[in-house]
Amino acid sequence: MKALLCKALGPARDLVLDEVAAPTPKKNDVLIDVHAAGVNFPDTLIIEGKYQFQPPLPFSPGGEAAGVVTAVGEKAGAFKVGDRVMALTGWGAFAEQVAVPFYNVLPIPQGMDFTSAAAFGMTYGTSMHALTQRGQLKAGETLLVLGASGGVGLAAVEIGKALGARVIAAASSAEKLAIAKAAGADELIDYSQASLKDEIKRLTGGQGVDVVYDPVGGALFDQAVRGLAWNGRLLVVGFASGSIPQLPVNLALLKGAAVIGVFWGAFAQRQPQDNAANFHQLFAWHAEGKLKPLVSQTFALAEGGAAIERLAQRQAVGKLVVTIR
């Protein structure tokens, strides 16, 4: 089968399309003919050896896939050959086939195509866990989403609205904010043109925001902490800026605030029933038209490196997807 391989740790342009042996599913695995694979921020890190785990070389990047079950291990649950599924793979999705433990696989709901399914699992799973289990976002509260035009950011905007929050979207250009507005954001902040802290104060009448969703990190983190309301919660989702910020802990004390880490992958493994309940609600909202994954660009398998590079340079809005079949 064909796979896009990382043969040596380094930049995305060094990935190579090659022929490899098809995977053999273990007893707990589902073997999937991959139709589409989502491109996510961890892909930019894992190929350079900067992620939390490192697969042995050579390997294919790609942390989520959508496709059709072609073989089922003897202990792989209720899945059967021919099922349309989406899967959290960790790596390996940029290939024609991937074997995945059954507990990381979900049926694709009716009305969702493979491209949308490949763009759905990681971003919506992350944002749902962040805003519910971690952020405890309530109807009527105010949510600030940083990086609001990216994959997880747009998902957070949509989920925040579905949960009944007032959503303030923040991004680095008017074009990106227009996308967040179309996703349902109530207010917009262009932090390339104005102070994030000052705009939060203006839009909340000086009260601050109840929850901050931060997949960006860097210099915006400090301003966001200062923009929290009393009992506010700041969700640490990622560091797309490339810079891990430091917390002035006196601000957490003065605001009675909490800074909360979000690690959806570990949550899905440790609390599978809660994760399944999250997706039950997400699929219901998708069926109601409240969630609409935005795939801004698709790439052929051989172009997967270009997709990762585009994401790493923060040039993408919504999700990028590699289409394989």
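What you are looking at is a predicted structure, and each value in this text was computed from that prediction instead of being measured.

Student: Mind showing me how you'd approach the overall build of the chain here?
Tutor: For the chain, the count of helices and strands is 11 helices and 15 strands. The C-alpha atoms of the chain give 19 Å as radius of gyration, which agrees with the globular expectation for 325 residues (20 Å, within 12%). Each principal axis of the C-alpha atoms in the chain carries an extent, and together these give about 60 × 40 × 35 Å. Expressed as a percentage of the 325 residues in the chain, the buried residues total 53%. In the chain, the proportion of contacts linking residues at least 24 apart, taken out of those at least 6 apart, comes to 69%. For the chain, the accessible surface area stands at approximately 13,900 Å², while carbon and sulfur atoms represent 53% of it. In the chain, 28 positive and 27 negative side-chain charges are present, and the distance between their average locations comes to 5 Å.

Student: Hey, could you run me through the UniProt feature "domain: Enoyl reductase (ER)" (unreviewed entry) in the chain in this one?
Tutor: Per the UniProt record, "domain: Enoyl reductase (ER)" (unreviewed entry) is found at residues 10-322. Span residues 10-322 is 32% helix and 26% strand, its end C-alpha atoms 20 Å apart.

Student: How should I be thinking about the pattern of salt bridges in this particular structure?
Tutor: Pairing between side chains of opposite charge can happen when their charged atoms approach one another. Per the stated rule, a full pass over the model turns up 12 salt bridges. Across the pair Arg 325 and Asp 33 runs a salt bridge, and its minimum N-O distance is 3.8 Å. Here Arg 325 is found in the segment after strand S15 (319-323), whereas its partner Asp 33 is found in strand S3 (residues 29-39), with 292 residues between them in sequence. Assessed through its relative accessible area of 47%, Arg 325 is described here as partly exposed. On the accessibility criterion, Asp 33 (18% relative accessible area) is buried. Between Lys 290 and Glu 288 there is a salt bridge, with the nearest N and O atoms lying 3.4 Å from each other.

Criteria and thresholds
Residues numbered from 1 in each chain as written. Predicted model: local features only at pLDDT ≥ 70, side-chain atom pairs only at ≥ 80, totals over all residues. Heavy atoms only, no water. Helix = DSSP H or I, 4+ residues; strand = E, 2+ residues; numbered from the N terminus. Rg over C-alpha atoms; globule rule 2.2 N^0.38 Å. Buried < 20%, exposed > 50% of the residue type's maximum accessible area, 1.4 Å probe, protein only. Contact = heavy atoms within 4.5 Å. Areas by Shrake-Rupley, 256 points an atom, 1.4 Å probe, with all protein chains shown as cover. Lys, Arg positive; Asp, Glu negative; His and termini not counted. Charge placed at Lys NZ, Arg CZ, Asp CG, Glu CD. UniProt positions renumbered as here; feature names shortened; annotations may be inferred. Salt bridge = Lys/Arg side-chain N within 4 Å of Asp/Glu carboxyl O.

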